[in-house]
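If you want the building blocks of each chain, they are given just below.
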Amino acid sequence: MIVGGLANISKTQKSTRRWFNFREDFFLLFLLPPIILYPSLHYMLKPFFSNFGAIITFAILGTFIASIVTGLLVYIGGLVYIIYRLPLVECMMFGALVSATDPVTVLSIFQELGTDTNLYALVFGESVLNDAVAISLYRTMASMRTHPSGQNFFLVILRFLENFVGSMSSGIGVGLIRSNLFKYAALGVENLHNLESCLFVLFPYFSYMLAEGIGLSGIVSILFTGIVMKRYTFSNLSEDSQRFTARFFHLLSSLAEAFVFIYMGFDIAMERQSWSHVGFIFFSIIFILLARAANVFSCAYILNLARPPHCQIPKQYQQALWYSGLRGAMAFALALQSVHDLPDGHGETIFTATTSIVVLTVLLIGGSTGTMLEALQVVGDSNRYHQLYEDNSDGNDTGYMGQNYDEGASTSSKLKSKLRDIRRSTSSFALLDKNYLTPIFTSKNGDRNDDTPDNSPNKELTISRGPSDLEGT
């Protein structure tokens, strides 16, 4: 930002802009895929999938709630003339782009202070999936604006689900095909290590390009390709290729993150801002905090309906999740895209508001995260929340859940019963994965520990105090 400001007041602004400009297409095509892919490939799968139901709920349902609430509050604020008035569809576009969270700062502090692994998994998993959901929502809202005849709420939901599920299926399909390729191609011999590593690196981009080429979301596709690759493909690689690809993706992701923040800071200082609607910026910050609260606390309430009393998500965790909703590069890139998508200065207003939100949340919320964690007393291990996963480490989720639920069946509502049935079905998928999917898509060494090898650079992502902390179903 300092360098951009100096270039802005000097005579070098125009020449500097030619080679240093934040281009959203460059960001989405080259910088974001490594940032999304690396965590899905190298974060430990056990805590991620132990919390997968909660992560999906927060990332999909929660992001949708936050987007709609933000859009409606901005629209209502315009109707009562407390902020600059925008059309409803443009308010929904703003709600979608600003619902993308980027808690890089929060996660690094979580890691440094030794926050509970399951809280880390919730924040991490929600943020990774949340970016993909926000992109799909923004594109859906933008297509509604382009084709006004389709402004039907249920059609919006249908289009979003079509885009998201199609992208997810595309990514999973490419990942499974790739797993069989590496299982049967015998590329692990010494003179083929380079080819093996090359194919492993290039296939995620094939998934990304395939999804974008057929009108789906490449980010969603590459995310699920990475998850499938981690679960089935990685164990089919030779040990040398495993070490190389782990370090390579770590390096690529770190470089991409550094470039993103350099680009973003420079462009914030050099991009033309619209400060004529300060009220819009001020109330937007309040609205996103309210929307984040509606997201986290409503989803946590629904999830806790399906959990026995001693396994529910504590209030402290919910407050930490609410506080960790920083906005970052994804919201900035989509806001920059809105400058081109929206007319009459509306895009500039949205961009300025988003820029202010990004700077304030990163500096203020990110800077006070350590104090917040200490105040909430969530630093260190939390046996209260670990108990669920330790008790179910042998895959006995069905019996365990059945025992708790039968006792209260007479007083349970139909909603609770449905939620419990959904949660009980996760153990069925675990058995399907263990008995069929893993033998089909992995070689003999595929039954080893799912976690990244000790020599992987992902060691620094691990927050647990001991191996028992990661025993999930």
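Residues numbered from 1 in each chain as written. Predicted model: local features only at pLDDT ≥ 70, side-chain atom pairs only at ≥ 80, totals over all residues. Heavy atoms only, no water.

Visitor: Lay out the overall build of the chain in plain terms, naming residues and giving numbers.
Guide: Looking only at helices and strands, one finds 20 helices and zero strands in the chain. When burial is assessed residue by residue, the chain has 54% of its 473 residues classed as buried. In the chain, the share of contacts with a sequence separation of at least 24, taken over all contacts with a separation of at least 6, comes to 84%. (Helix = DSSP H or I, 4+ residues; strand = E, 2+ residues; numbered from the N terminus. Buried < 20%, exposed > 50% of the residue type's maximum accessible area, 1.4 Å probe, protein only. Contact = heavy atoms within 4.5 Å.)

Visitor: Break down the packing of helix α8 (residues 117–146) against helix α14 (residues 315–323) for me, with residues and values.
Guide: Where α8 meets α14, the closest approach of the two axes is 11 Å, and the angle between their N-to-C directions is 35°. Viewed along their axes, α8 and α14 form a crossing whose handedness is right-handed. Here L119, L122, V123 and E126 of α8 lie close against α14, whose contacting residues are Y317, A320 and L321. For the contact of α8 with α14, the residue count by class is six nonpolar, no polar and one charged. (Axes fitted to C-alpha atoms, helices over the stretch in contact; angles between N-to-C directions. Left-handed = near helix turned anticlockwise from the far one by under 90°. Nonpolar A, V, L, I, M, F, W, Y, C, P; charged D, E, K, R; others polar.)

Visitor: Can you explain the nonpolar core? Please cite residues and give values.
Guide: Formed by 103 residues in total, the largest nonpolar core has its most connected members in F27, F58 and F94. Counting residues per element, this core draws most heavily on α8, which supplies 16 residues. Once you skip the residues sitting within four places of it in the chain, F58 turns out to touch T63, L122, E126, N295, V296, C299, A300, L303, I313 and L321. (Core = buried A, V, L, I, M, F, W, Y, C linked by side-chain atoms within 4.5 Å.)

Visitor: Any chance you could break down helix α16 (residues 346–367) for me, citing the residues and the numbers?
Guide: The end-to-end C-alpha distance of α16, which contains 22 residues, comes to 31 Å, matching closely the 32 Å that a straight helix rising 1.5 Å per residue would cover. Maximal helix bending in α16 amounts to about 25°, located at T361. Across the 22 residues that make up α16, a large majority, 16, are buried. (Expected span 1.5 Å × (residues − 1). Bend = angle between axes of the 7 residues up to and from the residue.)

Visitor: An account of the UniProt feature "transmembrane region" (unreviewed entry) in the chain is needed here, citing residue identities and associated values.
Guide: The feature "transmembrane region" (unreviewed entry), as annotated in UniProt, sits at residues 26–45, 51–84, 153–177, 205–228, 248–266, 278–300, 320–337 and 349–367 in this numbering. The distance separating the terminal C-alpha atoms of residues 349–367 is 26 Å; by composition the span is 100% helix and 0% strand. (UniProt positions renumbered as here; feature names shortened; annotations may be inferred.)

Visitor: Account for the pattern of salt bridges, naming residues and giving values.
Guide: By the definition in use, this model includes four salt bridges. Linking R139 and E212 is a salt bridge whose minimum nitrogen-to-oxygen distance equals 3.5 Å. Here R139, found in helix α8, pairs with E212, found in helix α10 (residues 193–213); they are 73 residues apart in sequence, far enough to count as distant. Note that R243 is salt-bridged to D240, the shortest N-O span being 2.4 Å. Residue R243 and its partner D240 are both found in helix α12 (residues 239–270); the two are separated by three residues, about one turn of the helix. (Salt bridge = Lys/Arg side-chain N within 4 Å of Asp/Glu carboxyl O.)

Visitor: Account for a nonpolar patch on the surface, with residues named and values stated.
Guide: Together, L72, I76, L79, V80, I82 and L88 make up an exposed nonpolar region whose accessible area comes to about 480 Å². Ranked by the residues each element gives to the nonpolar patch, the list is headed by helix α5 (residues 52–79), at three residues. On the secondary structure map, V80 appears in the loop between α5 and α6 (88–98). With relative accessibility at 49%, the residue V80 sits in the partly exposed group. (Patch = residues over 30% accessible without salt bridge, like charges linked within 9 Å, V, L, I, M, F, W, Y side chains within 5 Å. Areas by Shrake-Rupley, 256 points an atom, 1.4 Å probe, with all protein chains shown as cover.)

Visitor: Pulling in residues and values, what's your account of the packing of aromatic side chains?
Guide: Any aromatic ring pair is given by two values, namely how distant the centres are and how the planes are angled relative to each other. Applying the stated criterion to the full structure yields 16 aromatic pairs. Between Y232 and F441, the ring centres sit 5.8 Å apart and the planes meet at 55°, which makes this aromatic pair tilted. Taken together, the residues span a long stretch of sequence, with Y232 in helix α11 (residues 218–233) and F441 in helix α20 (residues 414–441) at a distance of 209 residues. By the burial criterion, Y232 is buried, and F441 matches it. (Phe/Tyr/Trp six-rings, centres within 6.5 Å; stacked < 30°, edge-to-face > 60°.)

Visitor: So what's going on with the packing of α12 against helix α15 (residues 329–341)? Residues and values would help.
Guide: Look at α12 against α15: their axes get within 11 Å of each other, and the N-to-C directions meet at 50°. What the angle tells us is that α12 and α15 run oblique. When you trace α12 past α15, the crossing you get is left-handed. Touching V260, M264, D267 and I268 of α12 are A329, F332 and L336, all from α15. Partitioned by chemical class, the residues of the contact of α12 with α15 number six nonpolar, no polar and one charged. (Parallel < 35°, antiparallel > 145°, perpendicular 65-115°, else oblique.)

Visitor: Outline unusual backbone geometry, listing residues and values.
Guide: You will see that Y81, though not glycine, has its phi angle at about 65°, which is positive. With respect to the helices, strands and loops of the structure, Y81 is situated in the loop between α5 and α6. Note on Y81: relative accessible area 68%, which makes it exposed. The backbone phi angle of Q377 is positive, close to 60°, even though this residue is not glycine. With respect to the helices and strands, the residue Q377 is situated in the loop between α17 (369–376) and α18 (383–391).

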